[in-house]
Amino acid sequence: MAKKKELNGREKAAILLISLGPDVSAHVYKHLTEEEIEKLTLEIAGVRKVDSNTKEDIIDQFHQLAMAQDYITQGGIGYAKDVLEKALGEEEAMQIINRLTSTLQVRPFDFARKADPSQILNFIQNEHPQTIALILSYLESQQAGQILSSLPQEVQADVAKRIAIMDSTSPEIVSEVESILERKLSATVTQDYTQAGGIESVVEVLNSVDRSTERTILDALEIQDPELAEEIKKRMFVFEDIVTLDNRSIQRVIRDVENEDLQLALKVSSDDVKEIVFNNMSQRMAETFQEEMEFMGPVRLRDVEEAQTRIVAVIRRLEESGEIVIARGGGDDIIV
């Protein structure tokens, strides 16, 4: 009997899409690059006939890989391996994991992104600033922001600077740091060569910290490295930058934020900020705002900063959804 031909990945993908039908395949195509679509389409066009056993085998392989990927998402490679071993046995489980990880790179510190920021803080707060910077650069920006805010003030700027100037780190160092934190958090993960850090990374982190921490870090960076501080500020948006928005955007922001937050935020703002905001209100609304701000009396700086942070969050959300445009440094001029 002739030995059955071993299909390559592209051939299996072509047979899978044929089996799934045109509607499902069309949805899959939306997630592929033009080059991938071209190659896969040529492969599909070359398929003449597929016997039912081959088709069922490929669908079964895909189902197993999909389950393994789902298990990895839930709890990492180790969790996926444990579940698959119980269901399919050790040998078949390893075949599936090896097949999946040959094309899938699991980002370092994946386990840490599922952990509570306060838990991570407990383990890293006494580490060297470079180690802390490396770990934070791989976390979700919101996680990293919470941790950075909780570090001692004298450490915050140093860590932020190290994230900003960080380039690619050798896999050996990433793996060593990852293993130590992994043992402390009792989780499992695999390594890859993903690059992390850089200006954009520290900007994302600073955008997630509280206003006081943000100002402390930027003030310290202006002393340590004025050029770096200026580059970071160019890419960030703070409440006072509302003066850079066009009138339509400011009006949209006014509609979306809470009046109380806006009144608090304006309480200690510059005259330029107050003027541009009031100019984008109706005369009656502007007069009401000014009266209520006068009757507000003294306010805590912390309350003002929290209100400004909430407003900036609204502005960033509107920008992400494409409803307003924020002009930033580096050639983002608006063309009408």
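The structure contained in this document is the topic of the report that follows. (Residues numbered from 1 in each chain as written. Predicted model: local features only at pLDDT ≥ 70, side-chain atom pairs only at ≥ 80, totals over all residues. Heavy atoms only, no water.)

1. Details of the overall build of the protein
Basically, it comes down to this: Secondary structure elements are defined from DSSP: runs of H or I of at least 4 residues count as helices, runs of E of at least 2 residues count as strands, and each element is numbered from the N terminus. Relative accessibility thresholds used throughout: buried, under 20% of the residue-type maximum; exposed, over 50%; partly exposed, between the two (1.4 Å probe, protein chains only). To measure how exposed things are, a 1.4 Å probe is used in the Shrake-Rupley method; for residues, cover is taken only from the protein chains shown.
Tallying secondary structure elements over the protein gives 18 helices and zero strands in all. Burial analysis of the protein (336 residues in total) assigns 38% to the buried set. Here the protein has roughly 19,600 Å² of accessible surface; of this, 49% comes from carbon and sulfur atoms.

2. A word on helix 17 (residues 283–296)
What counts here: In a helix, the anticipated span is given by 1.5 Å times the number of residues less one. Picture the helix axis, draw a direction to every C-beta atom, and the arc is the one those directions span. Note on contacts: a residue pair qualifies if any of its non-hydrogen atoms lie within 4.5 Å across the two residues.
Its 14 residues place the ends of helix 17 20 Å apart at the C-alpha level, agreeing with the 20 Å of an ideal helix rising 1.5 Å per residue. By the burial criterion, the buried members of helix 17 are A286, F289 and M293. On an axial view of helix 17, the arc spanned by its buried residues comes to 60 degrees, and they lie on one face. Residues Q283, R284, E294 and F295 are exposed on helix 17 and point more than 90 degrees away from its buried face. In this fold, the buried residues of helix 17 make contact with helix 15 (259–267) and helix 16 (271–279). Of the residues trailing helix 17, G297 is marked for its positive phi of about 75 degrees.

3. Some thoughts on helix 9 (residues 153–165)
The first and last C-alpha atoms of helix 9 sit 19 Å apart over 13 residues, in line with the 18 Å expected at 1.5 Å per residue. Buried within helix 9 are the following residues: V155, Q156, A157, V159, A160, I163 and A164.

4. A short note on the pattern of salt bridges
Inclusion rule: In the sections that follow, a salt bridge refers to a side-chain nitrogen of Lys or Arg positioned within 4 Å of a carboxyl oxygen of Asp or Glu.
Inspection of the entire model under this criterion finds seven salt bridges. Through salt bridges with shared partners, a single ionic network connects R252, D256, R317 and E323.

5. Regarding a negative patch on the surface
Note the cut-off: Each patch is built from residues lacking any salt bridge and having more than 30% relative accessible area; the joining distance is 9 Å for like charges and 5 Å for nonpolar side chains (Val, Leu, Ile, Met, Phe, Trp, Tyr). This count recognises Lys and Arg as positive and Asp and Glu as negative, with His and chain-terminal groups excluded. Charge positions come from single atoms, namely NZ of Lys, CZ of Arg, CG of Asp or CD of Glu.
Side chains of E56, D57, D60, E90, E91 and E92 sit close together on the surface and give a patch of like negative charge. Those elements giving two or more residues to the negative patch turn out to be helix 4 (52–88) and helix 5 (90–101). For E91, the position within the fold is in helix 5. The class for E91 is exposed, based on a relative accessible area of 62%.

6. A word on the nonpolar core
For clarity, the cut-off: Residues belong to one nonpolar core when they are buried, are Ala, Val, Leu, Ile, Met, Phe, Trp, Tyr or Cys, and are joined through side-chain atoms within 4.5 Å.
One finds L136, V159 and I232 to be the most contacted residues of the largest nonpolar core, which totals 39 residues. Looking at this core, the elements that each hand over two or more residues are helix 6 (117–124), helix 7 (129–138), helix 8 (141–150), helix 9, helix 10 (171–185), helix 11 (199–206), helix 12 (211–224) and helix 13 (226–234). Excluding residues within four positions of it along the chain, I232 makes contact with A164, I199, V202, V203, L206, L218 and L221. By size, the runner-up hydrophobic cluster in this structure holds 26 residues, among which are I254, V273, M293 and I326.

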